[in-house]
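# Summary of the model geometry
So the chains spell out like this:
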Amino acid sequence: MTDLEAAYQECQRITRREARNFYYAFVILPPKRRKAIYVAYAFCRYCDDAVDSEASTEEKLGRLAELRQLLEQCYQGQASGPVFTGLSHVAREYAIPREYFDEVLSGMEADLVKVRYQDFDELRQYCYQVASAVGLICIHIFGFKDSRARAHAIDLGLAMQLTNIARDVKEDLEFGRIYLPQDELARFGCTEEDLLAGSVSDAFREVMRFHTQRAREYFYSGFELLPYLNPRSRACVAVLGGIYSELLDRIETANYDVFSRRVSLSTSEKLAVMVRAWAASMWPRRLPDPS
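Notes on the structure in this doc start here. Not measured: the values here are computed from a predicted model. (Residues numbered from 1 in each chain as written. Predicted model: local features only at pLDDT ≥ 70, side-chain atom pairs only at ≥ 80, totals over all residues. Heavy atoms only, no water.)

## Re helix 13 (residues 234-253)
- Here helix 13 contains 20 residues, and its C-alpha end-to-end distance of 28 Å stays within 8% of the 28 Å for a straight helix at 1.5 Å per residue.
- Of all 20 residues making up helix 13, 16 are buried, and the element is well covered by its neighbours.
- Positioned one or two residues after helix 13, Asn255 has a phi angle of 55°, which is positive. (Helix = DSSP H or I, 4+ residues; strand = E, 2+ residues; numbered from the N terminus. Expected span 1.5 Å × (residues − 1). Buried < 20%, exposed > 50% of the residue type's maximum accessible area, 1.4 Å probe, protein only.)

## A look at the side chain of Ser221
- Position of Ser221 among the secondary structure elements: in helix 12 (residues 202-223).
- Judged by relative accessible area, which is 16%, Ser221 ranks as buried.
- Setting aside residues up to four positions removed in sequence, Ser221 forms contacts with His152 and Asp155. (Contact = heavy atoms within 4.5 Å.)

## Observations concerning the packing of helix 8 (residues 149-167) against helix 12
- Remark: helix 8 packs on helix 12, axes separated minimally by 7 Å, with the N-to-C direction vectors making an angle of 150°. Comparing the axis directions of helix 8 and helix 12 gives the class roughly antiparallel. Crossing geometry of helix 8 relative to helix 12 is assigned as left-handed. When helix 8 is examined against helix 12, the residues His152, Asp155, Leu156, Leu158, Ala159, Met160, Leu162, Thr163, Ile165 and Ala166 are found in contact with a partner set consisting of Met208, His211, Thr212, Arg214, Ala215, Tyr218, Phe219, Ser221 and Gly222.
- Looking at side-chain class alone, the contact of helix 8 with helix 12 contains 11 nonpolar, six polar and two charged residues. (Axes fitted to C-alpha atoms, helices over the stretch in contact; angles between N-to-C directions. Parallel < 35°, antiparallel > 145°, perpendicular 65-115°, else oblique. Left-handed = near helix turned anticlockwise from the far one by under 90°. Nonpolar A, V, L, I, M, F, W, Y, C, P; charged D, E, K, R; others polar.)

As structure tokens, then:
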């Protein structure tokens, strides 16, 4: 077995073990593109793992700096370790700009030093780094010809990350983070004390209603990505977007109570979304209404 083959196998193992929602979308990709997506996912997993520990902030920032150096070596043809060996090959094969991977690392760094976002412009920049940049990496692997695909990939990433933020309000508070913009909390009269108390007040519901409607609008633009993609890759994006859009629906159905339990989909529900999304991807211009 060559080093590259071993690298791809290791990235597949990481993805199978950790991917959760993404696994259901990846399995329907053509084999070559699926292997490449496993590599991209493994890189993102490395970034997550670098900051997901009891180590000090300084140590975590040091780990991210090491990953940035490994990325530099990767793009210089001097990759080290299975994930970066795979990444070096995938980046060349699919002409993926290094800046997208750098943005992911910058988003991880932001999570270590920034725990409040004053307005949506600040939050959008963070969401671009940790989600939209990943989407841009992915569309190079999926295959696209029209440059307009990039804007829709960015919007789909924003929609998915905004959904994560809505779902994870309680978990993020436990780490001292509030992603909901401070000016929007103030506009609707929702205080940090309300959030910490887990109060599903009218004010909190108004904040969440505003937040989820914005996510819905980004989903609408994001789903317009489908016609621009290689036809054999469209179903993967449709499934990813479908799962996260369904999560957003569940948050709304729960009347924005994200404190009493974590909103999620069962395996059977994810499979049902996968089937519906796969069918919808065959007619990609039939888009869901954001309202």
